[in-house]
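Fold and contact review
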Amino acid sequence: MRVLPDIGPAPFVRALAGHGDRPAVITADGRLSYAELAARVEALTARLGATRRLVLLAGANRVEELVAYLAALAGGHPLLLVPGDSEAATAELTRAYDPDVVIRRRDGDLVVDERRPGTRHELHPELALLLSTSGSTGSPKLVRLSSANLQANAESIAAYLDIRATDRAATTLPLHYCYGLSVVNSHLLRGAALILTGLSVADRCFWELFRAERGTTLAGVPYTFDLLDRVSFDRMRLPHLRYLTQAGGRLDPQRVARYAALGRRQGWRLFVMYGQTEATARMAYLPPELAERRPEAIGVPIPGGSFRLRPLPEHPGPDTGELVYTGPNVMLGYAERPTDLALGRTITELCTGDVARRAPDGLHEIVGRAGGFVKIFGLRIDPRQVEERLRRGGVEAYCVGGDRELVVAAAGGHRPDRVRRLAAAAAGLPARAVRAHVLAELPRLDNGKPDLAAIRALAAPPPATAAGGAGEAQLCRLYAELLDQPEVSADQSFVDLGGDSLSYVETSVRLEELLGDLPVDWHTRPIRDLARPEPARPARRRMLETSVALRAFAIVAIVGSHIPVFTVKGGAHLLLAVAGFNFARFQLTAAPRRERVRAALRGTGRLVLPSVAWIALAGALTGDYTLTNVLLLNSVLGPHDGATEWQFWFIEALVYILLTSTALIAVPVVDRIERRHPFGLPLALAALGLVTRYDLPGLAAYGLVPDALTVGWLFALGWAAARANRTAQRVVVTAAAALTVPGLFGQPYREAFVVAGFALLIWVPRLPGRPVVNRVAAALAGSSLYIYLIHWQVLPVVGPWSRWLALAVSLAIGVGAAAGARRLTRALARRRSAGAADGQRAGDDPHLEPLRRRPRAPVQLVRLRGGEAHPDLATAGDAHEG
């Protein structure tokens, strides 16, 4: 095989030793100077030999892999760079291209496998690097890059970022990804240092390393910025940070403006960039001073590059067309087979496939995809435009087109039917032509780009159960029964399926009967992780959730004290804390703000509707209740002189508190504060609630104060208890309860009962129990709302005969009523699903579909990060005894 001469490596690789003793690589284990790095590169270059060979490297953010990358370039060996954590990609590309040398890890060590002394390939003299395109990692279609490409792009990036020898850039992106590789090349070009790490920005150890080594630069794709928000990046003190860069996909303009403003306040700059693997990495950047004013733009071409707009029939006008880039960093061309490695330059400009608009200020904006259209029912659909429309509606999603449907993968706690309707409207398709999947996280490749193959795989609906054994099938059926879901996948969790505090009680007890003791976080784990191939061994002892035990004990104590057969007061006030605890646990998920608000309102409705219906019925039969009782307005409008006016004070107070809390999280700034300060916000609300708890304004002197104002701080403390993840935080909440509850009633034993229950809730997540006891507790806790409502009518009828019998009848009828309500709810859900299916069958003709009313679609298999939930709505209260 004829081997053509090499034209030499990129100058930045040859110049490594010239930077002397300056730090080149910094890791958690130590440092490597440029001189030391150059020596290691030289040693491996010598081992690879003078004959040019095709080298495959399984890349990773480690020193040895970095040395191997530079050694291949220094020796003039065309390098095929693949992800080191993907055995499948390595195997596929090894099979497709038959490299002469394979460098990869085996048993933790980097091994150089020289498969032959020479080469069987014809390698073009300009060929230096082979990378997978952004969406095709593992695909045999590769981008062919030259040393001149690498050098030119590194120089352009270093110029507009003003990279200095004193900079220290963290490797937040993988080495095999062109963006991550451009960070390496551009900093080595300027003699700057790399903080080489494979840690995520969500890892505390990453920030410890970054601060300790005085990091100046962070690079991220859009998902990186999701993680930065989660770790409260805006509150971090990073005195040496000079700039952030963003590429790898469109970042929401609002987030661009927010980060640009944050950087302006904190003294660093944000560079939003645009590029493709085919351009080595970068093609455009948005000058930081324009980021707040023009966050939707990709900016201007990088130094040495230029844009033109190719006219498109579907986008008429001189300032809109397909974006075409020209510059020294444009690839040589593609390779799809080994013989393509002999090719030279096959393109001179890059047709990006993006539709762009040139604004009057000279900046370019991406408005769509030229080659991304799909045809469904004869209609041309642009999945990127659908994604943009969904984003405007508050839904973060990726879309791909199938043969007969549009597949949408959305993230967050959205309802799949809403995602389906929004996507159908955006695409102009009938709803039945859209398959919506709501996932815990959007599928991404390890470079942060959409994993389109994974999304396409969603086109075929997964089976209701996976082949993981009878355990999975049985659990799927159980979840479907208890959560009113027609279809359940083994990849879904209790929270994914919309579980709430009511269903949590019954589900946890039923699961323990099947599986034995459950992990504390069982409600967030996929069914697949809970399933066991063998049935649980019978055990006499089981664990019971403390919140469930408190709810069950409190409702018995409340009803028993009202009869009275005993006196154990304070249960309602403790249950307010439990309600706040469950509000944080089930409502304040990672779902978008609007979804959280809708779920909270639905949850409040499940408290209000049964209460209003029962009070209205009881009032019509007995004449005991007024219209203000029925409307849950008695504590506000009165009358305050009746014997029954206080009977539903707890329900009224809880409804007002829930509505107020929902209104708060509906405010965007409060929603952001809650996500960044999940413990601090409820603690602050509790402190604010103490103003009315101690009546500091003196409102009581002017009349009765609504109960929600005097007890709301207990709800907030319960909310804070759920967010107390560290011992110090738990101590703070416990101390707050111990200091503020005394004096509330003037009854020390009653106050001690509330504080003791609070302490159990905070410090003891589960209590030992027995299967029978747990079942009884679950039934009582799950029926507590109905027990509380009904016991007022049981008391005058059965109480004169036997107080203990009155207690037993109240509990039994309440449990039965709750079971009947659940059966009715499930029957209605099945009827709605059946109606939706009939509606779909009636709309099979795509040409007639747009003329009909949009049919309701059956529920799709979904994977939610946070589900529809409600706080502890099955709670009941005792009266104002003191």
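Residues numbered from 1 in each chain as written. Predicted model: local features only at pLDDT ≥ 70, side-chain atom pairs only at ≥ 80, totals over all residues. Heavy atoms only, no water.

**Regarding the overall build of the chain**
Summing up its helical and strand segments, the chain has 29 helices and 27 strands in all. The proportion of buried residues among the 882 residues of the chain is 56%. In the chain, the proportion of contacts linking residues at least 24 apart, taken out of those at least 6 apart, comes to 71%. (Helix = DSSP H or I, 4+ residues; strand = E, 2+ residues; numbered from the N terminus. Buried < 20%, exposed > 50% of the residue type's maximum accessible area, 1.4 Å probe, protein only. Contact = heavy atoms within 4.5 Å.)

**Some thoughts on the pairing of strand β1 (residues 23-27)**
Most of β1 is tucked away: four of the five residues are buried. Bridge count between β1 and strand β2 (residues 30-33): four bridges; the pairing is antiparallel. Pairing of I26 across the sheet is with R31, part of β2. Two successive antiparallel strands, β1 and β2, enclose a turn made up of two residues. (Pairing = 2+ DSSP bridges.)

**Topic: the environment of G8**
In this fold, G8 is placed in the segment before α1 (11-14). For G8, a relative accessible area of 18% corresponds to the buried category. Sequence separation between G8 and S147 is 139 residues, and the spatial gap between their C-alpha atoms is 7.7 Å. Beyond its immediate chain neighbours, meaning those up to four positions away, G8 contacts R14 and S147.

**With respect to the packing of aromatic side chains**
This structure, assessed with the given rule, holds 20 aromatic pairs. Between the aromatic rings of F553 and F753, the centroid separation amounts to 5.9 Å while the plane-to-plane angle is 40°, which identifies the pairing as tilted. Highlighted residues: F553 in helix α16 (residues 546-562) and F753 in helix α26 (residues 748-763), separated in sequence by 200 residues. The class for F553 is partly exposed, based on a relative accessible area of 47%. (Phe/Tyr/Trp six-rings, centres within 6.5 Å; stacked < 30°, edge-to-face > 60°.)

**Let's talk about the confidence of the model for the chain**
Any segment with low pLDDT has predicted coordinates that should not be analysed in fine detail. Put simply, the chain has an average pLDDT of 83, and 84% of its residues get 70 or more. Across residues 1-6 the pLDDT falls below 50, and counting only partners more than four positions away or on other chains, this stretch makes 17 contacts in the model. Low pLDDT (under 50) marks residues 461-470, which in the prediction has 17 contacts with non-local residues, meaning those over four places away or in another chain. (pLDDT = per-residue confidence, 0-100.)

**Observations regarding the packing of helix α18 (residues 593-622) against helix α28 (residues 784-798)**
Contact geometry for α18 and α28: axes closest at 11 Å, N-to-C directions at 10°. Classified by the angle between their axes, α18 and α28 sit roughly parallel to one another. Residues R606, L607, P610, S611, W614, I615 and A618 of α18 form the contact with α28, whose participating residues are L785, Y786, L789, I790 and Q793. Partitioned by chemical class, the residues of the contact of α18 with α28 number nine nonpolar, two polar and one charged. (Axes fitted to C-alpha atoms, helices over the stretch in contact; angles between N-to-C directions. Parallel < 35°, antiparallel > 145°, perpendicular 65-115°, else oblique. Nonpolar A, V, L, I, M, F, W, Y, C, P; charged D, E, K, R; others polar.)

**Some thoughts on the sheet that holds strand β23 (residues 396-401)**
Pairing within the open sheet is mixed, and its three strands lie in the order β23-β24-β25. Strands with a single pairing partner mark the edges of an open sheet, and in this sheet they are β23 and β25 (434-439). Within this sheet the neighbouring strands show an average axis-to-axis angle of 20°, counted without direction. Contacting β23 and β24 (406-411), helix α10 (residues 383-392) runs over the sheet at an angle of about 155° to β23. Here helix α11 (residues 416-427) sits on the sheet in contact with β24 and β25, set at roughly 135° to β25.

**Notes on the pattern of salt bridges**
Across all of its chains, the model carries 43 salt bridges by this definition. For the salt bridge of D162 with R164, the shortest nitrogen-to-oxygen distance reads 3.1 Å. We classify D162 as partly exposed; its relative accessible area is 32%. Ionic pairing is found between E388 and R250, a salt bridge with its closest N-O pair at 3.0 Å. Separated by 138 residues along the polypeptide, E388 in helix α10 and R250 in the loop between β12 (243-246) and α9 (253-266) bring together distant segments of the chain. Given a relative accessible area of 16%, E388 falls into the buried group. For R250, a relative accessible area of 39% gives the class partly exposed. Salt bridges here are not isolated pairs; linked through shared partners, they connect D98, D100, R115, R116 and R120. (Salt bridge = Lys/Arg side-chain N within 4 Å of Asp/Glu carboxyl O.)

**Comments concerning the nonpolar core**
Most often, soluble globular proteins have nonpolar side chains that are buried together. The biggest cluster of nonpolar side chains holds 106 residues, and the ones touching the most others in it are Y69, L70, W207, F233 and L244. Looking at this core element by element, the count peaks at nine residues for helix α3 (residues 63-74). Those residues within four positions of F233 in sequence are excluded, and the remaining contacts are W207, L218, L228, L238, L241, L244, Y259, L262 and W268. Counting 82 residues, the second largest nonpolar core, distinct from the first, contains I665, A737, I787 and L789. (Core = buried A, V, L, I, M, F, W, Y, C linked by side-chain atoms within 4.5 Å.)

**Quick notes on the sheet that holds strand β19 (residues 350-358)**
Spatially, the four strands line up as an open sheet ordered β16-β17-β19-β20, and their pairing is antiparallel. Looking along the sheet, the strands with just one partner apiece sit at the ends: β16 (306-310) and β20 (364-369). The average angle at which neighbouring strand axes cross in this sheet is 50°, direction not considered. Inspection of the sheet shows β19 paired to β20 by five bridges, in the antiparallel sense. Paired with A356 across the two strands is I366, which belongs to β20.

**Some points on the pairing of strand β7 (residues 127-132)**
Sheet faces and side chains relate simply in a regular strand, where the side chains alternate between the two faces. Of all six residues in β7, six are buried; the element is thus mostly enclosed. Here strand β4 (residues 79-83) runs beside β7; their pairing, made up of two bridges, is parallel. Bridge pairing links L80 to L130 in β7. Relative to strand β8 (residues 142-146), β7 is paired through five bridges, and the arrangement is antiparallel. Residue pairing for β8: L129 is matched across the bridge by L145.

**Digging into the side chain of D100**
Tracing the backbone through its elements, the reader meets D100 in the loop between α4 (87-97) and β5 (101-106). Residue classification places D100 among the buried residues on the basis of a relative accessible area of 0%. Engagement of the side chain of D100 in a polar contact is seen with the side chain of R116, the distance being 2.7 Å. Setting aside residues no more than four positions away along its own chain, D100 makes contact with R53, L54, D113, E114, R115, R116, G118, T119, R120 and H121. (Polar contact = N/O pair within 3.5 Å; in protein donor to acceptor, adjacent residues only side chain to side chain.)

**Some points on α16**
Between its first and last C-alpha atoms α16 spans 24 Å; for 17 residues at 1.5 Å apiece the expected length is 24 Å, and the two agree. With 15 of its 17 residues buried, α16 lies for the most part within the structure. (Expected span 1.5 Å × (residues − 1).)

**Overview of unusual backbone geometry**
With glycine set apart, most residues show a phi of negative sign, and most peptide bonds adopt trans. Going from I563 to P564, the amide bond is cis rather than trans, its omega being -10°. With respect to the secondary-structure elements, P564 resides in the loop between α16 and α17 (571-587). The backbone of T280 shows a phi angle near 70°, a positive value even though the residue is not glycine. Take T280: it is sitting in the loop between β13 (269-275) and β14 (282-286). Judged by relative accessible area, which is 6%, T280 ranks as buried.

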